[in-house]
Amino acid sequence: MPRSSTTDLRQQAIPQHPEPSWSQLSRIPIEAREESLVPMSLAPPPVRVYPAYARMEIPGAVNECHVREEVYRRLLAVARALPAGLTLLVLDGWRPWRVQQYLFETLSETIRETHPGISDDKLLERTREFVSLPSTDASAPSPHLTGGAVDVTLCDADGLPLEMGSLFDEATATSHTAAFEGRLDLTPDQISARDNRRLLYHNMLAQGFTNLPSEWWHFDFGDQLWAWYGGHDRALYGPAEPEGVASRWRRQFEQAASHGGT
């Protein structure tokens, strides 16, 4: 996408989309494409990587952001289409099941404490608004377990995140991607956040990603959420196996070292 289109992107509203039907989404067939997971720390500028959950010391989090190879290449294309001085910051990609379980249980407990009379069905609905059900089921895995889901934001020339109107992983209605659309009462900071969300959203969609409407930072490629919002008849990625990723990269670096590499 040409850099000259930046102003236009910030003027293009983000459309309102409904939450996914998880029961229908989980029935979308998965091609289970054999495609490597790649560490985003390999990416050159204008990509930055900050493994948010490892830095937050979430139990089981890994100090890397792994994504499928095709996702890696598309994220690079997004970053290269941004206005000069801006960078794409990757906060999370492939997510261990243990981390998914921790996030789900923690948010569920918080909601129940805040709304002690909430029904089990409503509690599940509210929790899934921001954290998908932990699942290693090959036919219905959690999106982040596939390596196709990624959490991203934008940074300025100094590496500081742009104003987005809510924090990453903030479980409030303000985090809905289109939360600032159609409003006439926005503050200057909210207008800036709206425009930054538009810039991120439209650049990501231009490279084939889809967005989860409840989270401005969450985008998908190749998983069942991507198939649902993109209108595809099947998903590309099932659960990923990170153990093989670490050993494969270790072997490659060892081979490079044995041939005089550094």
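1. A look at the packing of helix H5 (residues 97–114) against helix H6 (residues 120–128)
At step 1: At a minimum axis separation of 9 Å, H5 and H6 run at an interaxial angle of 125°. On the basis of the axis angle, H5 is oblique to H6. Relative to H6, the crossing made by H5 is right-handed. On the side of H5, the interface is formed by Phe104, Leu107, Ser108, Ile111 and Arg112, while H6 contributes Asp120, Leu123, Leu124, Arg126, Thr127 and Arg128.
At step 2: Taken together, the residues of the contact of H5 with H6 break down into five nonpolar, two polar and four charged.

2. Structural notes on the pairing of strand E5 (residues 149–155)
At step 1: With seven of its seven residues buried, E5 lies for the most part within the structure.
At step 2: Residues Ala149, Asp151, Thr153 and Cys155 point to one face of E5 and Val150, Val152 and Leu154 to the other, with burial holding for every one of them.
At step 3: Of the strand pairs in this sheet, strand E4 (residues 87–92) and E5 are connected by five bridges, and their pairing is antiparallel. The residue of E5 that forms the bridge with leucine 89 is threonine 153.
At step 4: As judged from the three bridges shared by E5 and strand E7 (residues 218–220), these two strands associate in the antiparallel manner. Paired with alanine 149 across the strands is aspartate 220, a residue of E7.

3. Structural notes on the packing of aromatic side chains
At step 1: In this structure the tally under the stated criterion is six aromatic pairs.
At step 2: Consider the rings of phenylalanine 209 and phenylalanine 221, whose centres lie 6.1 Å apart with planes at 65°: the pair is edge-to-face. Highlighted residues: phenylalanine 209 in the loop between helix H7 (188–206) and strand E6 (210–211) and phenylalanine 221 in the loop between E7 and helix H8 (224–230), separated in sequence by twelve residues.
At step 3: Given the relative accessible area of 2%, phenylalanine 209 is considered buried.
At step 4: Each residue in the set Tyr53, Phe168, Trp216 and Trp217 is aromatic and connected to the rest through ring pairs, giving one cluster.
At step 5: In this structure, arginine 55 is placed above the aromatic ring of tyrosine 50, and the distance from its NZ or CZ to the ring centre is 4.7 Å.

What counts as what
Residues numbered from 1 in each chain as written. Predicted model: local features only at pLDDT ≥ 70, side-chain atom pairs only at ≥ 80, totals over all residues. Heavy atoms only, no water. Axes fitted to C-alpha atoms, helices over the stretch in contact; angles between N-to-C directions. Helix = DSSP H or I, 4+ residues; strand = E, 2+ residues; numbered from the N terminus. Parallel < 35°, antiparallel > 145°, perpendicular 65-115°, else oblique. Left-handed = near helix turned anticlockwise from the far one by under 90°. Contact = heavy atoms within 4.5 Å. Nonpolar A, V, L, I, M, F, W, Y, C, P; charged D, E, K, R; others polar. Buried < 20%, exposed > 50% of the residue type's maximum accessible area, 1.4 Å probe, protein only. Pairing = 2+ DSSP bridges. Phe/Tyr/Trp six-rings, centres within 6.5 Å; stacked < 30°, edge-to-face > 60°. Lys NZ or Arg CZ within 6 Å of the ring centre and 35° of its normal.

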